[in-house]
Amino acid sequence: MKSLLGVEAETKSGEKEMAGEVLAIRGGRPLTGRVEVKGAKNLVTKAMVAALLGETASTLRDVPDISDVQVVRSLLEVHGVRVDDGDEDGTFHLDPSGAVAAHFEEIDAHAGASRIPILFCGPLLHLLGEALIPDLGGCRIGDRPINFHMDALRAFGAVVDKSYEGIRITAPNGLHGANIDLPYPSVGATEQVLLTAVKAKGTTELRNAAIEPEIMDLIAVLQKMGAIISYEPNRVILIEGVDTLQGYDHRAIFDRNEAASWACAALATDGDIFVGGAKQQEMLTFLNVFRKAGGWFDVREDGIQFRRGGTLKPVVVETDVHPGFMTDWQQPLIVALTQAHGESVVHETVYENRLGFTEALNLMGADIVVHPHGIDSTVRRVPRRDLEQAAVINGPTALHGADVVVPDLRGGYSYVIAALAAEGESVVRNIGIIRRGYEKFLTKLETLGADFDVIG
């Protein structure tokens, strides 16, 4: 790996990482070798917020050095939380004893495109009696409405006021337990309820809750702090509010999204990648689809090895909430399915705009048709949703180099993998987005034998 401008940047961990927003990638080489995954972005950022609830300091381990984590760190520091790096790589010590209110401008300046400020609401209401939310960003993959969050906070007794600056939330009479029935098992709304209910007076019953492994790990964090939370059948979570919580010491669950991404990279490039830190239990659904598509994997004590098991085969996939096939998994999988022999179908039922990235894959030689209103089928497992789309992938097709712009986190990763699987040179722009969720991304590519330059 080299920078065409000779510019280097140093990451928090001290590793030299080339600066720049553009990659020039020469494809046609299989990715082989070992990469390590740390804690899940979708748990770590929420566990950091949970530290606000404790009366003593918390320690979080296996924290990845990614931009989303840095955003949350900045937001905590703006609210007076002291965040120190531990002696062990990827360890944070979080001390909320000096927590203070922040202004809209400060929150907006540090949040950037992140949607994480909304999850500060419950803890800040308990701590300070007020929470501020600027306009929210995030990956442009769908509407991702915040009404689930606002409705839940109102159920707890919060007052929500909107202004030109954003949203101001107060709790003049404190927060109390509530009965909440989510219209959809939203991960973000479930996190909101958990982070708010643990110190609300009385008992909260949350129905139709998300039950992703990262949610269960957040519950484990909160229980370590002194919360009383039980998981009941049929997506019901009961939270008995307590008066005080203490800090925690917790090692984050591994990032199954990153692990699946590298597995799909092995499939797409006909490579052989060992993902250290990956575990079978949290990836059962993905591993089934991986095997059906012609992949081979070997589960070991310290990780999982991924490669092709022969000719790639077409599959039909429906994304869904856990324990279904994650929406974050379909984008890198679609790249691999361009090399499968036959017609594959991916039904995207979680976000309405997550198949737009396939236009660039078609530019690279793929044969993918997106059905903007989905496809009816008599063998569907996941109920139809108004927002869903479907992609029909015909393969195998030879991919060739192209000039593409990263649209979002998982789509961006998929473009890089497509470029590595293609013949010739590709230019992939706006790669900074990928660093939101992939630690040491360029270093890992280099370790696996990728041939690329960083431009700018």
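Since this is a predicted model, take the numbers as computed values, not measurements. (Residues numbered from 1 in each chain as written. Predicted model: local features only at pLDDT ≥ 70, side-chain atom pairs only at ≥ 80, totals over all residues. Heavy atoms only, no water.)

**Description of the sheet that holds strand 15 (residues 236-240)**
Within a beta sheet, neighbouring strands are joined by backbone hydrogen bonds and run either parallel or antiparallel to one another.
Then, in step 1: Taken together, the four strands give an open sheet; going across it, the order is 12-13-15-14, and neighbouring strands pair in mixed fashion. Among the strands making up the open sheet, the edge pair consists of strand 12 (179-181) and strand 14 (228-232). Averaged over all pairs of adjacent strands, the angle between strand axes in this sheet comes to 15 degrees, irrespective of strand direction.
Then, in step 2: Strands strand 12, strand 13 (203-207), strand 14 and strand 15 of the sheet are contacted by helix 6 (residues 187-197), whose axis makes an angle of about 20 degrees with strand 15. (Pairing = 2+ DSSP bridges. Helix = DSSP H or I, 4+ residues; strand = E, 2+ residues; numbered from the N terminus. Axes fitted to C-alpha atoms, helices over the stretch in contact; angles between N-to-C directions. Contact = heavy atoms within 4.5 Å.)

**Things to note about helix 2 (residues 67-78)**
Then, in step 1: Look at helix 2: 16 Å from first C-alpha to last across twelve residues, which is about the 16 Å you get at 1.5 Å a residue.
Then, in step 2: Inspection of helix 2 places D68, V69, V71, V72, R73, L75, L76 and V78 among the buried residues, and these make up the whole buried set.
Then, in step 3: Contacts from the buried residues of helix 2 go to helix 1 (41-50), strand 7 (82-85), strand 8 (92-95) and helix 3 (104-111).
Then, in step 4: G80 occupies a position one or two residues after helix 2 and carries a positive phi of about 90 degrees. (Expected span 1.5 Å × (residues − 1). Buried < 20%, exposed > 50% of the residue type's maximum accessible area, 1.4 Å probe, protein only.)

**Some remarks on unusual backbone geometry**
Then, in step 1: In this structure, the amide linkage connecting H322 to the following residue, P323, adopts the cis form with an omega of 10 degrees.
Then, in step 2: Mapping P323 onto the fold places it in the loop between strand 20 (316-318) and helix 10 (327-337).
Then, in step 3: In this structure, the amide linkage connecting G395 to the following residue, P396, adopts the cis form with an omega of 0 degrees.
Then, in step 4: A positive phi angle is found at N430, which is not glycine, with a value near 70 degrees.
Then, in step 5: For N430, the location among the structural elements is in the loop between strand 25 (425-429) and helix 13 (441-447).

**A look at the packing of aromatic side chains**
Then, in step 1: If you walk through the whole model with that rule in mind, you get twelve aromatic pairs.
Then, in step 2: Ring geometry for F286 and W329: centres 5.5 Å apart, planes at 65 degrees, overall edge-to-face. You can see F286 sitting in helix 9 (residues 284-292) and its partner W329 sitting in helix 10, a full 43 residues away along the chain.
Then, in step 3: Given a relative accessible area of 1%, W329 falls into the buried group.
Then, in step 4: Ring pairing ties together the aromatic residues F286, F290, F297, F306, F325 and W329, which thus form one cluster.
Then, in step 5: Over the aromatic face of Y184 sits the side chain of R385, whose NZ or CZ is 3.9 Å from the ring centroid. (Phe/Tyr/Trp six-rings, centres within 6.5 Å; stacked < 30°, edge-to-face > 60°. Lys NZ or Arg CZ within 6 Å of the ring centre and 35° of its normal.)

**Focus: the packing of helix 1 against helix 2**
Relative placement of two packed helices is described by the angle separating their axes and the distance separating the axes.
Then, in step 1: Where helix 1 contacts helix 2, the two axes come as close as 10 Å, and the packing angle between them is 5 degrees. By the angle between their axes, helix 1 is roughly parallel relative to helix 2. Judged by residue contacts, K41, V44, T45, M48 and V49 of helix 1 engage D68, V69, V72, R73 and L76 from helix 2.
Then, in step 2: Tallied by class, residues from the contact of helix 1 with helix 2 come to six nonpolar, one polar and three charged. (Parallel < 35°, antiparallel > 145°, perpendicular 65-115°, else oblique. Nonpolar A, V, L, I, M, F, W, Y, C, P; charged D, E, K, R; others polar.)

**Observations concerning the pattern of salt bridges**
Then, in step 1: Counted by the stated rule, this structure contains 35 salt bridges.
Then, in step 2: Salt-bridge contacts for R26 lead to D453; the nearest nitrogen and oxygen are separated by 3.2 Å. Of this pair, R26 sits in strand 4 (residues 22-26) while D453 sits in strand 26 (residues 451-455); the two residues are 427 residues apart in sequence, bridging distant segments of the chain.
Then, in step 3: Since its relative accessible area comes to 24%, R26 is described here as partly exposed.
Then, in step 4: The exposure class assigned to D453 is buried, which follows from its relative accessible area of 9%. (Salt bridge = Lys/Arg side-chain N within 4 Å of Asp/Glu carboxyl O.)

**Side note on the sheet that holds strand 9 (residues 130-133)**
Then, in step 1: Across the sheet, which stays open at both edges, the three strands sit in the order 9-11-10 with antiparallel pairing between neighbours. The sheet terminates laterally at strand 9 and strand 10 (159-162), the two strands that pair on one side only. Along the sheet, successive strands turn relative to each other by an average axial angle of 20 degrees, direction set aside.
Then, in step 2: As defined by bridge partners, strand 10 adjoins strand 11 (residues 167-170) across four bridges and the pair is classed as antiparallel. Paired with V160 across the two strands is I169, which belongs to strand 11.
Then, in step 3: Against the sheet, helix 5 (residues 147-155) makes contact with strand 9, strand 10 and strand 11, and its axis sits at roughly 25 degrees relative to strand 11, the strand it touches most.

**Notes on the side chain of K38**
Then, in step 1: You can see K38 is positioned in the loop between strand 5 (32-36) and helix 1.
Then, in step 2: By relative accessible area, which is 16% here, K38 ends up buried.
Then, in step 3: A polar contact is formed between the side chain of K38 and the side chain of D89, at a distance of 2.8 Å.
Then, in step 4: Once residues lying within four places of it in the same chain are set aside, the contact partners of K38 are D62, V63, P64, D89, G90, I253, F254, D255 and E439. (Polar contact = N/O pair within 3.5 Å; in protein donor to acceptor, adjacent residues only side chain to side chain.)

**What about the environment of G39?**
Then, in step 1: Mapped onto the fold, G39 is located in the loop between strand 5 and helix 1.
Then, in step 2: Owing to a relative accessible area of 2%, G39 belongs among the buried residues under this scheme.
Then, in step 3: Sequence separation between G39 and R380 is 341 residues, and the spatial gap between their C-alpha atoms is 33 Å.

**Let's talk about the UniProt feature "binding site: UDP-N-acetyl-alpha-D-glucosamine" (unreviewed entry) in the chain**
Then, in step 1: As annotated in UniProt, the feature "binding site: UDP-N-acetyl-alpha-D-glucosamine" (unreviewed entry) corresponds to R115, D328 and V350 in the numbering used here.
Then, in step 2: As for its placement among the helices and strands, R115 is situated in the loop between helix 3 and helix 4 (121-128).
Then, in step 3: On the secondary structure map, V350 appears in the loop between strand 21 (342-348) and helix 11 (358-363).
Then, in step 4: If sequence neighbours within four positions are ignored, V350 has contacts with Y184, T319, D320, T327, R385 and L387. (UniProt positions renumbered as here; feature names shortened; annotations may be inferred.)

**A short note on the side chain of K46**
Then, in step 1: Turning to its location among the elements, K46 is positioned in helix 1.
Then, in step 2: Take K46: its relative accessible area is 10%, and that puts it in the buried class.
Then, in step 3: Within the structure, the side chain of K46 is placed 3.4 Å from the backbone oxygen of N42, a separation counted as a polar contact.
Then, in step 4: Apart from residues no more than four positions distant in its own chain, K46 is found in contact with I116, L119, E191 and L218.

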